[in-house]
Amino acid sequence: MRRPKSKQFRKQLRLSEEDEIKQLNSWIQFQKPDSGSNPMSLPPLPKNSPVGHLGDNTFSRYAGVVRFEQLPLSKKTKDALRGCKFVSMTDIQRASLPHALCGRDVLGAAKTGSGKTLAFIIPVLEKLYRERWGPEDGVGSIIISPTRELAGQIFEVLNSVGKYHGFSAGLLIGGRKDVDTEKERVNELNILICTPGRLLHHMDETPNFDCSQLQVLVLDEADRILDSGFKRALNAIISQLPKRRQTMLFSATQTKSVQDLARLSLKDPEYLSVHEESVAATPSLLKQIVMIVPLDQKLDMLWTFIKTHLQFKTIVFLSSCKQVNYVYEAFRKLHPGIPLKCLHGRMKQEKRMAIYSEFCENRSVLFSTDVAARGLDFNKAVDWVVQVDCPENVASYIHRVGRTARYKSDGKSVLFLSPSETQMLEKLEAAKVPVHLVKPKKEKLQPVSSLLASLLVKYPELQQRAQRAFVTYLRSIHLQKDKEIFDILKLPIDEYSASLAEPVDPNQENVTEGSREKLDTIVFRDEEIENDLLQPVDTSNEDDTKSADIGELIPATRLLKKKKLKINVHRPLGSRVVFDDEGNTLPPLARIAGTQSDKDSLLIDPVSHPHAEQKAEYYKRMREDLKKADKEDKLVERQRLREKRIKQKTKWKADNLEEEDIQDDISGSEEDETVNKRHKKSKIYFDSDSDEGERKEVKQNQGITLEEQEALALKLLQSMQA
Ligand SMILES: Nc1ncnc2c1ncn2[C@@H]1O[C@H](COP(=O)(O)OP(=O)(O)OP(=O)(O)O)[C@@H](O)[C@H]1O
């Protein structure tokens, strides 16, 4: 943000600014909208009617207007808005700005991509401007975002809309190494855009950090920041802020919890939910598909999707960073014909920012965890959002698909649901999310499991990634709260494990040579692609809204008829067989379950062994024993956690949680590299079901050894077989 240069100029400016501020204050007071009213219900001003001071201490009405020019805003803000080509307001801006400008607390809810960022940036700038805030006044406004990328994006919007103002603004996010420089400068900053963890870090550790003069607090993605994952950090932050302030909360899925609002001490907040009456909770230009895909075919489906949508910019959501890592690395090695990128909370901050910027600029496929699910505005140009793993709830679905079809652009999304997750369809319908159920055309499926199997021969390190992806996936399902949708016992675990890739049976062909040859052929081949992977479900029994437009949803056929396929990708490369030390075959997961002997393992297939009946009996007994032991273990574990919780309560202040350690990955597999290594060992989750914000401790994935992960997989499988 710019500062005027000469002294003379500054003096003149100050005088004219004083006049302007006086007038703005009078205008705002004179035409204040009624508290509790929705400015959207008022008609726009008649065309060409005068704006601002109308003489005799009267001013034009600003509630209900449609253009920024008609609002009581400073010239600096208006000039910058015009420069950015922001002329007409969106609904949420029209509804909330008149209330926010007169200093009221606001809870704003509007669909994704509908312009909520400007709805809070403008009042922040205007409030500080009218208060004549200067460098010596310190922190005047704090804007909190749940993720670093979103904080960075808000910072950019602030920079462009506030470029003619003289405020200093700082981006305080985890993962940045210059924390010492930040500490030196943070007290000189007027506007802080931050993630909760970093802000708390400064509150706790920066000498003289002072926000006692805070004027405006903003929570973007408020429901996320108020949810259990950030509860402790946010409570600690709020306790250090002055009570007399303006507070604004925005999200596409707003909280209405009285408890949440009480935590923030809101004063008669204006609840402005501009799309509540709308027929859909998602953008009208978004076409949404759901396909029922067995878990073990999800990667095949994803591969086929990517191969048939090479000309589109796509985001693919997976539930953990280990899955993102594996799928990204494996698919990259198979060269699908479009650049692939990945983003998750375990990456170094610079890399994350670089990936984010590159993805904004270029057509590519971005594999991501939910770190990219909220708020990010990739230059309006994401064509497709693909959800390979079911989102944890409807809100999460809405935010993920909201990365496309932003503002006035259109977009498409597809969700792969396992047969056991179909309850999600009802939940989406109940939340007014209009989805088309589409049946995949099986004959168009391009299986990738066999290609992956060959890949693992060439790149053995991928095998470990596959195993980790498998384990973290199971764990993420296990940790999900909505047990109606996420039931680990209903998952076809063996098939899923196999779909992540299994080595080729060494008896059937020369693995190394054969597979490498095939792999090279696969990697360098040209392909014939038919893009009509999707076919509508027979909707004869469904209502019109559901069956409409499905034809449009089927992507145009893309044919690249250069050469014939050198190999038939539909042909399996051989059955997947794993051998134990004695040469007996093992079912796929026995390998992952580790090195237990036959006697101890439940994973040995009794049929392929002699004395199958005795074994089956033995397994049955063992399962019962294990069940009993498991019950006892759970009791002991609960007791342990209770004790730990009490201990932690007393020393919570010392725990300087980094925000994305908490939020990035429901499976607890992502971790921040740079902040407070002493907190790396355990991750605290809050159980929002509990009245008192009871905490669950979950070890971070990195803190868990491979043996522990394997033991976990084994346990899960045992419980499944029991
Ligand atoms: N009044 C406006 N005129 C033109 N474009 C606008 C206007 N307001 C916002 N936009 C553009 O709309 C896009 C979406 O805005 P924004 O990111 O603020 O949406 P959002 O409601 O915060 O979305 P999300 O819920 O995903 O966070 C941005 O590219 C922004 O520049």
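Residues numbered from 1 in each chain as written. Predicted model: local features only at pLDDT ≥ 70, side-chain atom pairs only at ≥ 80, totals over all residues. Heavy atoms only, no water.

Enquirer: In this structure, what is going on with the domain arrangement of the protein? I would like to understand it.
Expert: Note: interface size is frequently given as the accessible area lost on complex formation between the parts. Under the domain assignment, the protein is made up of domain 1 (7-273) and domain 2 (285-571). The partner domain 2 presents 19 residues to the 21 residues of domain 1 that form the contact. With both chains or domains summed, domain 1 and domain 2 bury close to 1,700 Å², and 52% of this area falls on carbon and sulfur atoms. When the buried area of domain 1 at its contact with domain 2 is split by residue, Thr112, Glu149 and Gln153 rank highest and sum to 36% of it. Joining domain 1 to domain 2, the criterion identifies ten residue pairs in polar contact (both at pLDDT 80 or more). (Domains from an automatic or database assignment. Contact = heavy atoms within 4.5 Å. Buried area = accessible area lost by both parts, 1.4 Å probe. Polar contact = N/O pair within 3.5 Å; in protein donor to acceptor, adjacent residues only side chain to side chain.)

Enquirer: In this structure, what is going on with the UniProt feature "short sequence motif: Q motif" (unreviewed entry) in the protein? I would like to understand it.
Expert: Under the UniProt annotation, the feature "short sequence motif: Q motif" (unreviewed entry) is placed at residues 66-94. Structurally, residues 66-94 comprises 45% helix and 0% strand, and the distance from its first C-alpha atom to its last is 6 Å. (UniProt positions renumbered as here; feature names shortened; annotations may be inferred. Helix = DSSP H or I, 4+ residues; strand = E, 2+ residues; numbered from the N terminus.)

Enquirer: I keep staring at the nonpolar core and nothing clicks. Help me out?
Expert: A general tendency of soluble globular proteins is for nonpolar side chains to be buried together. Ranked by internal contacts, the top residues of the largest apolar core, which has 131 residues, are Leu302, Tyr326, Phe331, Phe367 and Phe378. No other element matches helix α4 (residues 116-130), which puts nine residues into this core. Residue contributions to this core reach at least three from each of two domains, namely domain 1 (7-273) and domain 2 (285-571). Formed by 30 residues, the second largest nonpolar core is a distinct cluster that contains Leu189, Leu192, Cys211 and Leu241. (Core = buried A, V, L, I, M, F, W, Y, C linked by side-chain atoms within 4.5 Å. Buried < 20%, exposed > 50% of the residue type's maximum accessible area, 1.4 Å probe, protein only.)

Enquirer: Hey, could you run me through the pairing of strand β8 (residues 246-251) in this one?
Expert: The two faces of a sheet get side chains in turn, since along a regular strand they alternate between them. With six of six residues buried, β8 is to be regarded as a mostly interior element. By the alternation rule, side chains of β8 split into Gln246, Met248 and Phe250 and Thr247, Leu249 and Ser251, which are all buried.

Enquirer: Sorry, what's going on with the pattern of salt bridges here?
Expert: For side chains of opposite charge, pairing can occur when their charged atoms come near one another. Taken as a whole and assessed by the stated rule, the structure comprises 24 salt bridges. The salt bridge partner of Glu17 is Arg132, with a shortest N-O separation of 3.9 Å. Here Arg132 lies in the loop between α4 and β4 (141-144) and Glu17 lies in helix α1 (residues 7-30), a separation of 115 residues in the sequence. The class for Arg132 is partly exposed, based on a relative accessible area of 33%. A salt bridge links Glu69 to Arg82; the shortest N-O distance between them is 2.8 Å. In this pair, Glu69 is assigned in the loop between β2 (58-59) and α2 (75-83) and Arg82 in helix α2, connecting sequence segments 13 residues apart. (Salt bridge = Lys/Arg side-chain N within 4 Å of Asp/Glu carboxyl O.)

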